[in-house]
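Descriptive analysis of the structure
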Amino acid sequence: MSAYDEVKKGSLKFKGGGSCSVKKKKKKSKSDKEKIERALRESSAEVFQEVEKTEAELKFEEIQRKRQMERVSKAATKSHKDRVSEFNQKLEKLSEHHDIPKVGPG
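Residues numbered from 1 in each chain as written. Predicted model: local features only at pLDDT ≥ 70, side-chain atom pairs only at ≥ 80, totals over all residues. Heavy atoms only, no water.

Under an unreviewed UniProt entry, the name given to the protein is Protein FAM32A, and the organism recorded is Rhizopus azygosporus.

As a further point, take the overall build of the protein. A tally of regular secondary structure across the protein gives three helices and zero strands. Overall, the protein shows an N-to-C arrangement of helices and strands of α-α-α. Every one of the 106 residues in the protein was classed for burial, and the buried ones make up 0%. Within the structure as shown, the protein displays about 12,000 Å² of accessible surface, and the carbon and sulfur contribution to it stands at 56%. (Helix = DSSP H or I, 4+ residues; strand = E, 2+ residues; numbered from the N terminus. Buried < 20%, exposed > 50% of the residue type's maximum accessible area, 1.4 Å probe, protein only. Areas by Shrake-Rupley, 256 points an atom, 1.4 Å probe, with all protein chains shown as cover.)

This paragraph deals with the pattern of salt bridges. Tallied over the full model, the rule gives four salt bridges. Ionic pairing is found between Glu61 and Lys53, a salt bridge with its closest N-O pair at 2.7 Å. Note on Glu61: relative accessible area 28%, which makes it partly exposed. Assessed through its relative accessible area of 44%, Lys53 is described here as partly exposed. A salt bridge links Glu62 to Arg65; the shortest N-O distance between them is 2.7 Å. (Salt bridge = Lys/Arg side-chain N within 4 Å of Asp/Glu carboxyl O.)

This is the structure in structure tokens:
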């Protein structure tokens, strides 16, 4: 008689009683699908209606556009060489804590 003779075979049983059945989804009829599609079309039509913006919102968007244009023009004036030299200057200002440690015999 081996130690494996008393092993239970089959699926595990959970504590707490209660049946562990899988809930099945109900099939939707065609009329339900039509109702859902109609509701989606109506809601999408409402979303696409043009909403009037307040004076403050319009002013805010205009200022955002101006700032964006300033950033783009400022970035366009710098060459790659200027950006690299600026980056190197920034790295030189950092403390030794940020240096890459030497690893290995060398």
